[in-house]
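# Secondary and tertiary structure notes
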Amino acid sequence: MFIGIISAFIGVEIYRFTQVKGIKITMPAAVPPAVARSFESLTPTVIIILGVSTITMWLGIDVHSIVGNLIKPLVNATDTLPSTLLIIFLIMFFWSFGIHGDSVVSSLARPIWLILLDQNTAAIASGQAATHIGVEPFLQWFVHIGGSGATLGLAILFCVKAKSKYGKTLGRTTILPSVFNINEPMIFGAPIVLNPMLLIPFIVIPLVLATIAWIATALHWVNCAVTVAPWTFPGPIGAYLACGGDWRAALLNVILILISVIMYYPFFKMYDDKMVAEEKAQEQ
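Now for a description of the structure that goes with this document. (Residues numbered from 1 in each chain as written. Predicted model: local features only at pLDDT ≥ 70, side-chain atom pairs only at ≥ 80, totals over all residues. Heavy atoms only, no water.)

## A look at the packing of aromatic side chains
Overall, the coordinates contain eight aromatic pairs when judged by the stated rule. A ring pair is formed by Phe93 and Phe97, whose centres lie 5.2 Å apart and whose planes are at 70°; its orientation type is edge-to-face. Judged by its relative accessible area of 37%, Phe93 falls in the partly exposed class. Ring centres 6.2 Å apart and planes at 45° place the aromatic pair Tyr265 and Phe268 in the tilted group. Highlighted residues: Tyr265 and Phe268, both in helix α13 (residues 247-283), separated by three residues, approximately one helical turn. Overall, the relative accessible area of 35% leaves Tyr265 in the partly exposed class. Owing to a relative accessible area of 1%, Phe268 belongs among the buried residues under this scheme. Counting every residue linked through ring pairs, the aromatic cluster contains Phe89, Phe93, Phe94 and Phe97. (Phe/Tyr/Trp six-rings, centres within 6.5 Å; stacked < 30°, edge-to-face > 60°. Buried < 20%, exposed > 50% of the residue type's maximum accessible area, 1.4 Å probe, protein only. Helix = DSSP H or I, 4+ residues; strand = E, 2+ residues; numbered from the N terminus.)

## Details of the pattern of salt bridges
By the definition in use, this model includes five salt bridges. The salt bridge involving Glu136 is made with Arg110; its shortest N-O contact spans 2.8 Å. Note that Glu136 is positioned in helix α7 (residues 136-142) and Arg110 in helix α6 (residues 101-125), a separation of 26 residues in sequence. Residue Glu136 is classed as partly exposed on the basis of its relative accessible area, which comes to 23%. Residue Arg110 is classed as partly exposed on the basis of its relative accessible area of 30%. As a salt-bridge pair, Glu278 and Lys274 come within 2.8 Å of each other at their nearest N and O atoms. Remark: Lys274 and Glu278 occur in helix α13; sequence separation between them is four residues, near one turn of the helix. Residue class for Glu278 comes out partly exposed when judged on its relative accessible area of 38%. Taking the relative accessible area as the measure of exposure, Lys274 reaches 37% and is therefore partly exposed. (Salt bridge = Lys/Arg side-chain N within 4 Å of Asp/Glu carboxyl O.)

## Digging into unusual backbone geometry
The amide bond that connects Ala190 to the next residue, Pro191, takes the cis arrangement and shows omega of -10°. Inspection of the secondary structure assignment puts Pro191 in the loop between α10 (184-189) and α11 (196-218). Its identity is not glycine, yet Asn181 carries a phi of approximately 65°, on the positive side. Among the secondary structure elements, Asn181 is positioned in the loop between α9 (165-179) and α10. Even without a glycine there, the phi angle at His220 is positive, about 65°. On the secondary structure map, His220 appears in the loop between α11 and α12 (235-242). Assessed through its relative accessible area of 64%, His220 is described here as exposed.

Structure follows, in C-alpha cells:
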C-alpha cells in the first residue's frame, strides 16, 4: 500500500516536471489534441519505467523491504490499546464539530490497519492464530456500533423511551439507519454536534467499548478480526463474519450495544426531559 502511494506521488511529479520543463514530444498543431497528449505522455512513461526497472531489477534493491522496515515501528505502535483509544478519540473529536471524523482520521490509519489485517488473514491461512487486535474491523463492529459514537444505543432509547414528540419522531426516523450503521440522521438530527449534553457520552462510550472489546480479545474470549465485512451489515452479523465466523464476536457485539444503551440513558433522559419542557412551553 505504501509503495503504491509513494509510486503515485513520484509518477505525478515526474509528469509535472516534464510538462513544466517542456521535456516532451510535441506534435504539429494539425494533430488532434487527444493524439498529441498520448505522445506527450510517452516521455514521463519511459522515465518512470526505466527508473523503476533500474532500481528494482538491475540494481536489485528491495524497495518493499526497505519501506517495510521503516514503517514497522509505526505498525507495531498502532496495534496497541492506547493508540487505538487515541484514534477513536480523534474521530469523535472531529465529529463533535460536524466534521466526518472517520474520513479524516481513518483515511490516515487505514494503510496500517490493512497491513495488520493482512497479517491476520495470512496467519489464519497458514493454520496459525491471528494476533493483531487493532484493525479497522475491530473499530467497526465493537466500537462504532450503529455508526461513530456507538449511537445505535441512543437510537434505541429515542425509539423506545422518548417522551417528547420530537424525540419519538427522531427515534422512529433513526432506528433503522442506525441498525445498518448510518448515523448522520442521529448526529445532525438530535443533534449531537455542538450539543454538550450528548457529546460527553458520544466521546466516552466508544472509549469504554473499545477497552472492553480489547480485553475480551486479548484474553482470547473472542477471535481477532481477519476480514472486512460490509459496513452496512447489522452489528452481530458483521462481527460474526469479520472474526471468521466466531459466534462469540456476535454475542460481544450485542453485549456492547446493551452497555451503550445503559451509558447513554442518563444523558438521553436529561435531554428528553429538556425537550419535553420546551414543547410544553411552546404550547402555552
